[in-house]
Amino acid sequence: MNNSAGSLVGYARVSSHEQNLDLQLDALSDLGCIKIFEEKASGTRSDRPELAAALEYLRAGDVLVVWRLDRLGRSLKNLVEIVTGLEAQGIGFRSIHENIDTTSATGRLVFHIFAALAEFERDLIVDRTKAGLAAARERGARPGRKAALSAAQVAVVRQLHAAGEHTVQQISDLVGVSRATVYRALPKAG
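Residues numbered from 1 in each chain as written. Predicted model: local features only at pLDDT ≥ 70, side-chain atom pairs only at ≥ 80, totals over all residues. Heavy atoms only, no water.

(A) Looking closely at the packing of helix α5 (residues 151-163) against helix α6 (residues 168-175). Their axes nearest at 10 Å, the elements α5 and α6 cross at an angle of 150°. One element, α5, and the other, α6, form an angle in the roughly antiparallel class. Considering how the two elements wind past one another, α5 and α6 form a crossing that is right-handed. On the side of α5, the interface is formed by Gln-153, Val-157, Leu-160 and His-161, while α6 contributes Val-168, Ile-171, Leu-174 and Val-175. When grouped by side-chain class, the residues that make up the contact of α5 with α6 number 6 nonpolar, 2 polar and no charged. (Axes fitted to C-alpha atoms, helices over the stretch in contact; angles between N-to-C directions. Helix = DSSP H or I, 4+ residues; strand = E, 2+ residues; numbered from the N terminus. Parallel < 35°, antiparallel > 145°, perpendicular 65-115°, else oblique. Left-handed = near helix turned anticlockwise from the far one by under 90°. Contact = heavy atoms within 4.5 Å. Nonpolar A, V, L, I, M, F, W, Y, C, P; charged D, E, K, R; others polar.)

In structure tokens:
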């Protein structure tokens, strides 16, 4: 349990077991971190137990310290989510290499610029996706998932259901689709 308010808590990570944490550990110790969580795991992994333990350990007033930004987040979006979550709990964030410290006004400004860039990047992706779908439609393509049932199969489903001799589950088993797909193929009651 973390009993001291305002403590510096370190998180060090390397991507593989062959890599060495010494540089990060030395920098975090030199800065005065009272506890350092060490992880040897790829940054792309969402299950990083030592990061989870560090986040659990932190209390309001503490500061999470990393050697570099890429040691904490899998992506800019993930990094922004983590730091925003820390901020909401009254926990600061510091990156030694990039000289970002969210306990200062300048550090918060720099980090919010990163957050704005991440949001801008997401918006660009959405815009490009919409433009690509519109262009595909103009060329006659039908983007999206292929229908689960052909027109002939829909007719069979409707006939079986109208006859009243089969349950929806039996029809779905006969046709090889889910019950939800069978229900979507039936005329809307109305």
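After that view, the rundown keeps rolling.
(B) Structural view of helix α3 (residues 76-88). In a regular helix each residue adds 1.5 Å, so 13 residues correspond to 18 Å; α3 covers 18 Å between its end C-alpha atoms and thus fits that length. Those residues of α3 that are buried are in contact with α2 (49-57), β3 (63-66), β4 (92-95) and α4 (105-138). Directly after α3, the chain includes Gly-90, whose backbone phi takes a positive value near 75°. (Expected span 1.5 Å × (residues − 1).)

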